[in-house]
Amino acid sequence: MKMTGARIVIESLIKENVEVVFGYPGGAIMNVYDEIYKQDKFKHILTKHEQGAVHMADGYARATGKVGVAFVTSGPGITNAITGIATAYTDSIPMVVISGQVPTTAIGTDAFQEVDAVGITRPITKHNFLVKDVKDLAFIIKEAFYLAKSGRPGPVHIDIPKNVTADMTEFVYPEKIELKTYKPNYKGNKRAIKRAVEAIKNAKKPVFYIGGGSVLSGASNIIREIVKTTQIPAVETLMARGVLRYDCPYLLGMVGMHGSYAANMAMNDADLIISLGARFDDRVTGKIDEFAKNADIIHIDIDPSQIGKVVETKYPIVGDVKLVLEEMMPMLLDGIDPNRYEEWREILKRYKELYPLTYSDSDEVIKPQWVIQITGELAPEDAIISTDVGQHQMWAAQFYPFTYPRQLLTSGGLGTMGFGFPAALGAKEGKKDKVVINFTGDGSIVMNIQEVLTGYKYKLPVINIILNNNYLGMVRQWQTMFYEDRLSETDLSDVQPDFIKLAESMGGRGFTAKTKEEFEKAFNEALNSNAVCFIDVQVDRREDVLPMVPPNSPLKNMLVFKEDK
Ligand SMILES: Cc1ncc(C[n+]2csc(CCOP(=O)(O)OP(=O)(O)O)c2C)c(N)n1
């Protein structure tokens, strides 16, 4: 059947089983919005800002494992979307962003609301397309979804000029896709896997280094099984929190700048690091020349360009973490002796006992870590947790009892303030039956606060717990530690919004908590309210996130106590 490009966009999305699109209209994408009006197969959520739309699509994708979809218009529409796209890109989140563009005849003329959208998104997308002919549109959409979710996932951007959405052609949606130059390697090389298994069996101090790729590949169950049977200690990156349960006896906690002492010392002292979809980020390795000096590296990753990028890899395995581990499992079981690592486990246990993750609680002032812990106790075990960026993010990663993968939604790679709240709304849309909680800071929350209106309109109740220290806390901490306490532009105490009024003005609810009792009461009330909630918790202003590896220091040079600095 012949149809317009705009109609083809809609029909293609229906073919991809898209359930929801987050977006914001404008001139160049109006033909598509006109078709949205005429259909009822998928839902459109109108956000208040394009950045909000893309973070919502991202949160939806992280929570559900499906592809997130966002629509924006040309010019300022797509530039507003950029931070969201880059956020998804650095964390390998599957997403398709469709933007309108000025007509093909106007491209390059500085037309109204024209920007070189594909030029801007090229470095922050897995792939992007400018559609010049309506005949290519269906194929490009098919390809975009395939690229977004296959191999190492990521955002794909399609820019569609206005005349292309008006032009007509026969609609044929391709059944299958064959791309000559793109063939992700899912199954690891058998010989490489065998060699890696031998290395594990011969190691004395091995450690599993679990990264976000483990979440994306759905490898949590097999990782849990392998860790249990081999009894090899494991550390998780920020992106991998929840792959192992928080109470798994072999889990040493989070690794990296604010990781636990035991986790970082495990990486420092290991003779074999088994990387499962992790990318050796500088926040994890610390000073690279000093990183894991005595360790050989097994690096399992679906993206060959990751391997050997940061550290020399003795055992590279290109493949999907889950499939590679499934292949490894029987070989590992054949003759592995968990007692072999007994001494190693004992050393790490002592580190854990010597320097546990801790803080000094108080009854005078609320400690942010306490808020995270008590929330973990009061919330259902399967609550979805999102965060913004700053100290609260690190405390959430350290102290929340994560029990399953995809439970924590956080901007790990880009560190995007303003991510948490819209991501929580997107997650709620995808997982209506779950309680969704966003830990945020008084700096971060105001960056996309307008989306309370979206939560109100579409009945997406999420609870924002604002750990309010009246500072841009994480920057304040660095200023205190590394700039002799010169607090340049980080004190927010002179102007703070009234979060109760703000929430109420947009259809939400607000609470203030200055004591522990007030917090517990507010949280329970928020749990039972059907609105977007802000709980403004006045916390200790000068609490620092510890332990901390100073930037560009070796992992073993951790500051564990406040006096260490
Ligand atoms: C969009 C953006 N701008 C700036 C930063 C730099 N930054 C990192 S943490 C931080 C402070 C965050 O303050 P707040 O949200 O109040 O959280 P807290 O650290 O106090 O918990 C800033 C400004 C960032 N990560 N993202």
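Everything quoted here is computed from the prediction, not taken from an experiment. (Residues numbered from 1 in each chain as written. Predicted model: local features only at pLDDT ≥ 70, side-chain atom pairs only at ≥ 80, totals over all residues. Heavy atoms only, no water.)

Examining the overall build of the chain
Move 1: Along its length, the chain carries 21 helices and 20 strands.
Move 2: Relative to the compact-globule value of 24 Å for 565 residues, the chain shows a C-alpha radius of gyration of 24 Å, a close match.
Move 3: The 565 residues of the chain split such that 60% are buried.
Move 4: Taking the contacts inside the chain whose residues are at least 6 apart along the sequence as the reference set, 76% of them involve residues at least 24 apart.
Move 5: Summing over all exposed atoms, the chain offers an accessible surface of approximately 23000 Å²; the carbon and sulfur share of this is 50%.
Move 6: Charge separation in the chain, taken as the distance between the mean sites of 64 positive and 71 negative side-chain charges, equals 5 Å. (Helix = DSSP H or I, 4+ residues; strand = E, 2+ residues; numbered from the N terminus. Rg over C-alpha atoms; globule rule 2.2 N^0.38 Å. Buried < 20%, exposed > 50% of the residue type's maximum accessible area, 1.4 Å probe, protein only. Contact = heavy atoms within 4.5 Å. Areas by Shrake-Rupley, 256 points an atom, 1.4 Å probe, with all protein chains shown as cover. Lys, Arg positive; Asp, Glu negative; His and termini not counted. Charge placed at Lys NZ, Arg CZ, Asp CG, Glu CD.)

Considerations on the UniProt feature "domain: Thiamine pyrophosphate enzyme TPP-binding" (unreviewed entry) in the chain
Move 1: According to UniProt, the "domain: Thiamine pyrophosphate enzyme TPP-binding" (unreviewed entry) feature falls on residues 388-537.
Move 2: Taken end to end, residues 388-537 is 37% helix and 16% strand, and its two terminal C-alpha atoms sit 15 Å from one another. (UniProt positions renumbered as here; feature names shortened; annotations may be inferred.)

Some details on the environment of Gly473
Move 1: Assignment of secondary structure puts Gly473 in helix H19 (residues 473-482).
Move 2: Sequence-wise, Gly473 and Thr375 are 98 residues apart; in three dimensions their C-alpha atoms are separated by 20 Å.

Quick look at the site of the ligand
Move 1: Taken together, 17 residues lie around the ligand, and Gln391, His392, Gly415, Gly443 and Ser444 are the ones closest in.
Move 2: In the environment of the ligand, an oxygen atom lies 3.3 Å from a nitrogen or oxygen atom belonging to the side chain of Asp442.
Move 3: Residue Tyr471 places a main-chain N or O atom 3.1 Å away from an oxygen atom belonging to the ligand.
Move 4: The fraction of the free accessible surface of the ligand (590 Å²) that becomes covered by protein chains is 77%.
Move 5: At the level of secondary structure, the elements contributing two or more residues to the shell around the ligand comprise helix H16 (391-399) and H19.
Move 6: For the shell around the ligand, the element with the highest residue contribution is H19, accounting for 3 residues.
Move 7: When its residues are assigned to classes, the shell around the ligand shows 7 nonpolar, 9 polar and 1 charged. (Near = heavy atom within 4 Å. Polar contact = N/O pair within 3.5 Å; in protein donor to acceptor, adjacent residues only side chain to side chain. Nonpolar A, V, L, I, M, F, W, Y, C, P; charged D, E, K, R; others polar.)

A few points about the side chain of Lys201
Move 1: On the secondary structure map, Lys201 appears in helix H8 (residues 190-202).
Move 2: Apart from the residues within four sequence positions on either side, Lys201 is in contact with Met331, Leu332, Asp334, Gly335, Ile336, Arg340 and Tyr341.

A short note on the sheet that holds strand E6 (residues 127-130)
Move 1: A sheet is described by the order of its strands in space; here 6 strands give the open sequence E3-E2-E4-E5-E7-E6, paired in parallel fashion. On the outer flanks of this sheet lie strand E3 (43-46) and E6, each paired with one strand and no other. In this sheet, neighbouring strand axes are inclined to one another by 20° on average, regardless of whether the strands run parallel or antiparallel.
Move 2: Sheet strands in contact with helix H3 (residues 50-64) are strand E2 (20-23), E3, strand E4 (68-72) and strand E5 (95-101), and its direction is about 170° off that of E4. (Pairing = 2+ DSSP bridges. Axes fitted to C-alpha atoms, helices over the stretch in contact; angles between N-to-C directions.)

A closer look at the nonpolar core
Move 1: Counting 42 residues, the largest nonpolar core has Phe22 and Phe534 as its most contacted members.
Move 2: Of all the elements in the fold, those that place two or more residues in this core are E2, H3, E4, helix H4 (76-90), E5, helix H17 (420-430) and helix H20 (499-505).
Move 3: Broken down by element, this core gets its largest block of residues, 7 residues, from H3.
Move 4: Once residues within four sequence positions are removed from consideration, Phe534 is found in contact with Ile445, Ile449, Val452, Asn464, Ile466, Phe499, Ala503, Arg509, Gly510 and Phe511. (Core = buried A, V, L, I, M, F, W, Y, C linked by side-chain atoms within 4.5 Å.)

So, the packing of H8 against helix H13 (residues 321-333)
Move 1: Close contact between H8 and H13 brings their axes to 10 Å; oriented N to C, the two are set at 50°. Overall, the two elements H8 and H13 adopt an arrangement that is oblique. Both H8 and H13 take part in a crossing whose hand is right-handed. Contacts between H8 and H13 involve Lys190, Ile193, Lys194, Ala196, Val197, Ile200 and Lys201 from the former and Val324, Glu327, Met328, Met331 and Leu332 from the latter. (Parallel < 35°, antiparallel > 145°, perpendicular 65-115°, else oblique. Left-handed = near helix turned anticlockwise from the far one by under 90°.)

Notes on the packing of aromatic side chains
Move 1: Summed over the entire model, instances satisfying the criterion amount to 16 aromatic pairs.
Move 2: Relative to Phe482, the ring of Trp478 lies with its centre 5.7 Å away and its plane at 85°, an arrangement referred to as edge-to-face. With a gap of 4 residues between them, Trp478 and Phe482 both fall in helix H19, about one helical turn apart.
Move 3: Trp478 gets classed as partly exposed once you look at its relative accessible area, which sits at 22%.
Move 4: The class for Phe482 is partly exposed, based on a relative accessible area of 34%.
Move 5: Pairwise contacts between aromatic rings join Tyr209, Phe280 and Phe291 into one cluster.
Move 6: Arg476 extends its terminal NZ or CZ atom over the ring of Tyr471, reaching a point 5.7 Å from the ring centre. (Phe/Tyr/Trp six-rings, centres within 6.5 Å; stacked < 30°, edge-to-face > 60°. Lys NZ or Arg CZ within 6 Å of the ring centre and 35° of its normal.)

Overview of helix H1 (residues 5-15)
The α-helix advances 3.6 residues per turn, and as a result positions three or four apart in sequence lie on the same side.
Move 1: Those residues of H1 lying buried are Gly5, Ala6, Ile8, Val9, Ile10, Ser12 and Leu13.
Move 2: Positioned one or two residues after H1, Asn17 has a phi angle of 60°, which is positive.

Considering the sheet that holds strand E15 (residues 384-387)
Move 1: Strand order in the open sheet formed by 6 strands is E16-E15-E17-E18-E20-E19, with parallel pairing between adjacent strands. Each edge of the open sheet is held by one strand with a lone partner, namely strand E16 (408-409) and strand E19 (509-513).
Move 2: Pairing of strand E18 (residues 463-468) with strand E20 (residues 533-538) involves 6 bridges; the strand directions are parallel. In the sheet register, Ile463 faces E20, and the bridge partner there is Cys533.
Move 3: Most of the contacts of helix H15 (residues 368-378) go to E18, to which it runs at about 160°, and overall it touches strand E17 (436-441), E18 and E20.

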